[in-house]
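This is what each chain is made of:
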Amino acid sequence: MLTYAIKRSLLALLILFVVMLAMYAMVFLVPGDPASIALGPRATPELKQQLIERMGLDQPILSQVYHFFYNAVTGDLGYDVWSKRPVLAEILEAFPYTFLLGVVALAWALILGVFLGCAAVIYRGTPMDRILGILSVSMISVPSFVVAIYALLIFAVWLRWLPAIGAGEIGDPWSQFKAIIMPAFAVGISWVGYLARMVRASMLEVMGANHIRTARAFGLSERRVVFKHALRVAIIPTISIVAVGFGSILSSAVFVETVFSRPGIGTLITSAVLKRNYPVVMGTVLVMTAFYLIVVTLADLLIARLDPRVRDVLRS
Amino acid sequence: MSEAILRIENLSIGYDAGICQIHALRSATLEAHAGEVIGIVGESGCGKSTLAAAIINLLAPNAIINSGSIYYQGTDIFSLNKDAQRKLRGQDIAMVFQDPMTTFNPVLTLGDQLIDFQQHLEGVSISEKRIRATNLLARVGIPDPSLCMKRFPHELSGGMRQRASIAAALLMQPNVLVADEPTTALDVTMEAQIIHLLRELRSDYQGAIIVVTHHLGVVAELCDRVYVMYAGQVVEQGLVDDIYHAPKHPYTSALIACDPAHFEEHTPILPTIAGRLPDLMNPPQGCSFAARCVLANELCRTTVPPWVKISQTQSALCHKASQ
Ligand SMILES: Nc1ncnc2c1ncn2[C@@H]1O[C@H](COP(=O)(O)OP(=O)(O)OP(=O)(O)O)[C@@H](O)[C@H]1O
Ligand SMILES: [Mg+2]
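Residues numbered from 1 in each chain as written. Chains lettered and ligands numbered in written order. Predicted model: local features only at pLDDT ≥ 70, side-chain atom pairs only at ≥ 80, totals over all residues. Heavy atoms only, no water.

Engineer: Can you lay out the site of ligand 1 for me, pointing to particular residues and giving the numbers?
Structural biologist: Residues and elements named next belong to chain B. Surrounding ligand 1, one finds 15 residues, the nearest of these being S44, G45, K48, S49 and T50. C46 places a main-chain nitrogen or oxygen 3.2 Å from an oxygen atom of ligand 1. Interatomic distance of 3.0 Å between a side-chain N/O atom of E181 and an oxygen atom of ligand 1. Relative to its free-state accessible area of 630 Å², ligand 1 is covered by the protein chains to the extent of 69%. Secondary-structure elements contributing two or more residues to the shell around ligand 1 are β2 (20-32) and α1 (48-56). Per-element accounting of the shell around ligand 1 gives the leading share, three residues, to α1. (Near = heavy atom within 4 Å. Polar contact = N/O pair within 3.5 Å; in protein donor to acceptor, adjacent residues only side chain to side chain. Areas by Shrake-Rupley, 256 points an atom, 1.4 Å probe, with all protein chains shown as cover. Helix = DSSP H or I, 4+ residues; strand = E, 2+ residues; numbered from the N terminus.)

Engineer: Could you give an account of the packing of helix α7 (residues 144-158) of chain A against helix α8 (residues 173-207) of chain A, with specific residues and numbers?
Structural biologist: All names here are of chain A. For the pair α7 and α8, interaxial distance at closest approach is 9 Å and the crossing angle is 145 degrees. In the crossing of α7 with α8, the sense of the turn from one axis to the other is right-handed. Touching S144, V147, A148, A151, L152, F155 and A156 of α7 are M182, F185, A186, I189 and S190, all from α8. Grouping the amino acids of the contact of α7 with α8 by side-chain chemistry returns 10 nonpolar, two polar and no charged. (Axes fitted to C-alpha atoms, helices over the stretch in contact; angles between N-to-C directions. Left-handed = near helix turned anticlockwise from the far one by under 90°. Contact = heavy atoms within 4.5 Å. Nonpolar A, V, L, I, M, F, W, Y, C, P; charged D, E, K, R; others polar.)

Engineer: How would you summarise the nonpolar core if you had to cite specific residues and measurements?
Structural biologist: Note that soluble globular proteins tend to have their nonpolar side chains buried in a common cluster. In terms of nonpolar packing, the biggest core is built from 144 residues, with M203 of chain A together with L114, L137 and I166 of chain B touching the most fellow members. If you count residues domain by domain, this core takes at least three from each of domain 1 (2-73) and domain 2 (88-205 + 235-315) of chain A. Leave out the neighbours within four places in its chain, and L137 of chain B touches L110, L114, I142, P145, C148, M149, A164 and A167 of chain B. A32, I38, C46 and I93 of chain B belong to the second-largest nonpolar core, a separate cluster that totals 34 residues. (Core = buried A, V, L, I, M, F, W, Y, C linked by side-chain atoms within 4.5 Å. Buried < 20%, exposed > 50% of the residue type's maximum accessible area, 1.4 Å probe, protein only. Domains from an automatic or database assignment.)

Engineer: Describe the environment of D300 of chain A, and please don't skip the residues or the numbers.
Structural biologist: Residue and element names in this part refer to chain A. Mapped onto the elements, D300 comes out in helix α13 (residues 278-306). The exposure class of D300 is buried, given its relative accessible area of 19%. Taking the C-alpha atoms as reference points, D300 and V259, separated by 41 residues in sequence, lie 33 Å from one another. The contacts of D300, once residues within four sequence positions are left out, are Y4 and R8.

Engineer: How would you explain the interface of chain B and chain A if you had to name every residue and give the values?
Structural biologist: With 25 residues of chain B at the interface, the matching set in chain A holds 23 residues. Of the roughly 2300 Å² buried at the junction of chain B and chain A (both faces included), carbon and sulfur atoms supply 61%. Here chain B is connected to chain A by two salt bridges. One salt bridge connects D116 of chain B with K228 of chain A, and the closest N-O pair in it is separated by 3.6 Å. Along the contact surface separating chain B from chain A lie eight residue pairs in polar contact (both at pLDDT 80 or more). Listed by contribution, the elements that provide at least two residues to the side of chain B that touches chain A are α2 (82-91), α3 (110-116) and α6 (158-170) of chain B. The element best represented in the side of chain B that touches chain A is α2 of chain B, accounting for three residues. (Buried area = accessible area lost by both parts, 1.4 Å probe. Salt bridge = Lys/Arg side-chain N within 4 Å of Asp/Glu carboxyl O.)

Engineer: Lay out the domain arrangement of chain A with the relevant residues and their values.
Structural biologist: All names here are of chain A. Taken domain by domain, chain A holds domain 1 (2-73) and domain 2 (88-205 + 235-315). Placing a centre on the C-alpha atoms of domain 1 and another on those of domain 2 gives a separation of 29 Å. At the interface, 19 residues of domain 1 touch 16 residues of domain 2. A combined buried area of about 1600 Å² lies between domain 1 and domain 2, and 81% of that area is made up of carbon and sulfur atoms. When the buried area of domain 1 at its contact with domain 2 is split by residue, Y4, R8 and L16 rank highest and sum to 32% of it. Linking domain 1 with domain 2 are zero salt bridges. Along the contact surface separating domain 1 from domain 2 lie zero residue pairs in polar contact (both at pLDDT 80 or more). Those elements that provide at least two residues to the side of domain 1 that touches domain 2 are α1 (2-29), α2 (34-39) and α4 (61-73). When residues of the side of domain 1 that touches domain 2 are assigned to their parent elements, the largest contribution, 10 residues, is made by α1. Residue classes in the side of domain 1 that touches domain 2 are distributed as 17 nonpolar, one polar and one charged.

Here is the structure:
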């Protein structure tokens with residue numbers, strides 16, 4: 001188990017390194033050099049040169065990556081080109097909003113998705129199963145931004161039940177709660193459908209197993225067979241899917257935080273990209289990649305806890 | 001003899017295979033009394049597991065009951081509602097399954113499952129259920145039962161798992177215990193140990209035990225009476241001694257002749273029954289065994305054989321049995 005953890009961590013570091021390398025390559029590939037965009041068309045060449053040096057853009061790519069990592073290890077992600085604040089401070093400010101959004105969105109999606117998946121299994125082959133199937137597929141296929149915009153229109157503009165923008169008053173949990181409902185709904189809805197389908201499929205496979213027949217042979221009720229005996233086995237592949245969804249919350253955060261003008265990592269990176277604020281882009285990507293890797297690794301460890309067979313394979 | 005605890009009458013079961021039906025069981029009739037061990041033998045595919053699954057009421061979803069009924073203590077179990085059927089399972093009729101490797105849930109501890117299997121017991125606390133389960137594990141010869149309760153199934157050997165599944169089946173003190181090929185998946189030493197265990201259990205078990213097997217040796221060691229099955233039909237039934245020493249159905253004779261335990265001397269070639277099982281989609285018109293039978297004549301091929309009563313305790317489904 002320990003060697004497994006070490007192996008996983010080394011792999012994670014390698015992935016981080018490759019991701020950052022790719023990011024640097026991208027900075028050089030996108031048209032428009034950061035200094036000219038930052039300073040505008042009327043900047044003097046001297047000013048530009050100064051900024052380029054300050055941003056370290058004149059050095060070779062590998063050395064830039066090296067410095068970046070060297071600093072990152074000491075907790076220094078550089079400075080925001082515009083506000084001159086430490087990038088790490090900006091990220092730490094924005095991160096909790098996105099984290100909370102991810103937790104709420106996937107938590108409700110997981111609960112409802114697993115429930116609908118199990119319901120489809122209990123009522124398999126009946127019209128109920130078919131209705132749930134159609135429902136799940138529509139939830140997957142309706143684009144999240146459409147859901148977001150309609151939700152905004154109905155609940156914020158027409159009914160005025162929920163705030164249209166922002167993340168609520170600081171220190172007022174009720175207003176924060178109201179502010180997170182729609183974004184979490186928009187992010188989670190396709191996950192509900194996706195998880196329901198996944199759970200149904202892996203559940204049906206498990207339901208054919210001999211140990212389920214054993215449970216039935218002891219007269220356990222269908223509900224107990226499904227929720228205790230089958231779900232415990234069928235939930236395991238679902239965990240890694242949810243972890244991937246949670247770890248890559250950044251991709252949903254970009255759109256949903258923009259639509260709802262919610263502070264967070266998505267808003268941070270969008271504005272940084274538009275302004276070629278590269279230190280912020282780099283820092284955000286680094287932190288979110290690390291976050292992704294941590295979440296996925298934790299999920300693997302959780303799976304090892306839930307499945308004794310995996311645990312034993314890792315131990316040996 | 002007392003009223004049978006389990007009586008199967010004329011049971012015919014088929015499997016829906018799209019355009020046609022596989023007639024896995026045809027007019028099977030048998031009964032089991034309290035305190036007796038009956039054996040069901042026959043080669044692979046003759047419908048033994050189908051019969052066992054019907055007894056415990058866990059037939060595959062594509063199974064069709066064409067006719068017949070199963071009476072448990074006089075009540076027709078097919079006529080009961082789903083809940084009553086469920087209560088019967090585990091509580092009154094329990095089963096030991098064919099493959100001990102996959103009978104238990106891989107992600108729950110054995111103890112967890114053995115406790116869960118007692119859910120029909122009302123007013124018994126979890127800790128009492130745990131004690132009951134531990135005692136039974138000790139009873140079936142598991143060395144360290146309380147440690148075993150904490151184990152996951154894959155951590156136990158095949159023999160241990162089969163012992164555990166016998167313990168599980170005994171948890172609710174059922175009146176009928178069905179063991180579907182309890183030793184087929186095990187090696188010879190394990191098989192001997194499990195047979196020994198089942199014999200031992202016989203002595204203080206009140207209900208009926210039904211042992212399904214394709215191994216005549218198992219029947220000889222364990223059973224009082226035996227039903228021989230061929231191609232979905234019961235073809236001969238009687239006391240084990242009678243069947244062994246004076247088989248009346250040619251299939252039974254052939255089966256005994258093919259049992260390696262029966263040979264006095266070393267033989268270079270193992271005898272087999274020539275031919276193969278008839279097509280279960282369209283069973284033959286006359287006797288099912290006619291195509292492979294050395295005694296078969298025109299009558300056998302065209303006319304369904306009658307049940308011929310040989311003695312009070314033995315009968316065979318054969319035109320020639322009376323001769
Ligand atoms: N669910 C099913 N669908 C279709 N056919 C089936 C199904 N289950 C069993 N059969 C067929 O029914 C026949 C009887 O099967 P059964 O499992 O009862 O045999 P068996 O005597 O237990 O054999 P074995 O010794 O191999 O366990 C076989 O021909 C088998 O292929
Ligand atoms: Mg079988």
